[in-house]
Amino acid sequence: MVEAARKQNVTLEHSCLRGRCSTCKVHVIAGESSPRVVEVAVNLLDLDKDYILSCVRVPESDMVLDAEDLGACPIPLKRTFSAEINSVINYNEDLVKIELRLPPTQKFIYLSGQ
Ligand code: FES
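Since the structure is predicted, the reported quantities are computational estimates derived from the model, not experimental observations. (Residues numbered from 1 in each chain as written. Predicted model: local features only at pLDDT ≥ 70, side-chain atom pairs only at ≥ 80, totals over all residues.)

Participant: For this particular structure, what's the right way to read the overall build of the protein?
Facilitator: When its secondary structure is counted, the protein shows 2 helices and 7 strands. Listing the helices and strands of the protein from first to last along the sequence gives α-β-β-α-β-β-β-β-β. Expressed along its principal axes, the backbone C-alpha trace of the protein runs to roughly 50 × 35 × 20 Å. Pairs at least 24 residues apart make up 52% of the contacts formed inside the protein by residues separated by at least 6 positions. (Helix = DSSP H or I, 4+ residues; strand = E, 2+ residues; numbered from the N terminus. Contact = placed C-beta atoms within 7 Å.)

See below:
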C-alpha cells in the first residue's frame, strides 16, 4: 500500500518497509487487505481494532485508511543498486560498518534516517 500510495503522489509514513517497526501502522476505515509477510510489529489487539501495517499489505478491495499524507516529504521510490563492498569494519559483535561503492553513473539520493 505504501508503494501504491506513493505512485498516486500520496506519501504514507513508513520506515523499514518490512513489517518490523510499525511506523506505517494505519487504521482501516473500509476495505480488505492481506499481509505479504508476517506483521511482526503489529499485535493482535491492533488487528482487532482494524490497524494494519500498510507497508506489507496488499489491498483486496478499494481501501479507505485513516492516515496522514506526508506529501510534502519528497521520499524517493525504492530502488535496487549494484554496488561493490569498499570496506568492512567490525567495531564490536553488534556493530559493523560496511562501506559500499556505487558505479559512477548511479545517482543515489540520501535522506537522513535511511
Ligand atoms: S514501515 Fe516498518 S513496519 Fe511498515
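Next comes the rest of the write-up.
Participant: It is not clear to me how the nonpolar core should be interpreted in this structure. Could you clarify?
Facilitator: Within soluble globular proteins, side chains that are nonpolar generally end up buried alongside one another. The biggest cluster of nonpolar side chains holds 11 residues, and these are Met1, Val2, Leu12, Cys24, Val26, Ile52, Leu53, Cys55, Val56, Leu65 and Ala67. Beyond its immediate stretch of four places on either side in the chain, Val56 contacts Gly19, Pro35, Arg36, Val37 and Glu39. (Core = buried A, V, L, I, M, F, W, Y, C linked by C-beta atoms within 7 Å. Buried ≥ 20, exposed ≤ 12 C-beta atoms within 10 Å, placed from the backbone.)

Participant: In this structure, what is going on with the pairing of strand E7 (residues 95–101)? I would like to understand it.
Facilitator: Residues in a regular strand point their side chains to alternate faces of the sheet. Burial analysis of E7 places just 0 of its 7 residues in the buried class, which makes it a mostly uncovered element. Pairing of strand E6 (residues 84–92) with E7, which is carried by 7 bridges, proceeds in the antiparallel orientation. By the bridge assignment for E7, Ser87 is matched with Glu99. Between E6 and E7, which follow one another and run antiparallel, lie 2 residues. (Pairing = 2+ DSSP bridges.)

Participant: Help me understand unusual backbone geometry, please; the structure alone is not making it clear to me.
Facilitator: Most peptide bonds adopt trans geometry, and most residues besides glycine take a negative phi value. Here Leu17, not a glycine, exhibits a phi torsion of approximately 60 degrees, which is positive. Along the chain, Leu17 turns up in the loop between helix H1 (2–7) and strand E1 (25–30). Owing to 16 C-beta atoms within 10 Å, Leu17 belongs among the partly exposed residues under this scheme. Unusually for a residue other than glycine, Ser22 sits at a positive phi of about 70 degrees. Considering the arrangement of structural elements, one finds Ser22 in the loop between H1 and E1. Note on Ser22: 17 C-beta atoms within 10 Å, which makes it partly exposed.

Participant: Looking at this model, I keep getting lost on the sheet that holds E1. Mind explaining?
Facilitator: Picture the strands of a sheet paired through backbone hydrogen bonds; they go either parallel or antiparallel. In spatial order, the strands read E3-E1-E5; together these 3 strands make up an open sheet with antiparallel pairing. Where the open sheet ends on each side, the last strands, each with one partner, are strand E3 (51–53) and strand E5 (64–66). Looking at each pair of strands side by side, their axes are set apart by 50 degrees on average, direction ignored. Judged from the 3 bridges that link them, E1 and E3 form a sheet pairing that is antiparallel. By the bridge assignment for E3, His27 is matched with Tyr51. (Axes fitted to C-alpha atoms, helices over the stretch in contact; angles between N-to-C directions.)

Participant: Is there a simple way to think about the pairing of E1 in this case?
Facilitator: Across 3 bridges, E1 lies against E5 in antiparallel orientation. Paired with Ala30 across the strands is Val64, a residue of E5.

Participant: Can you help me understand the environment of Asp50 in this one?
Facilitator: Tracing the sequence through the fold places Asp50 in the loop between helix H2 (44–48) and E3. A residue is classified by how many C-beta atoms lie within 10 Å of it, and Asp50, with 14 of them, is partly exposed. Measuring from C-alpha to C-alpha, the distance between Asp50 and Ile98 comes to 39 Å, with 48 residues separating the pair along the chain. Setting aside anything within four residues of it in sequence, one finds Asp50 in contact with His27 and Val28.

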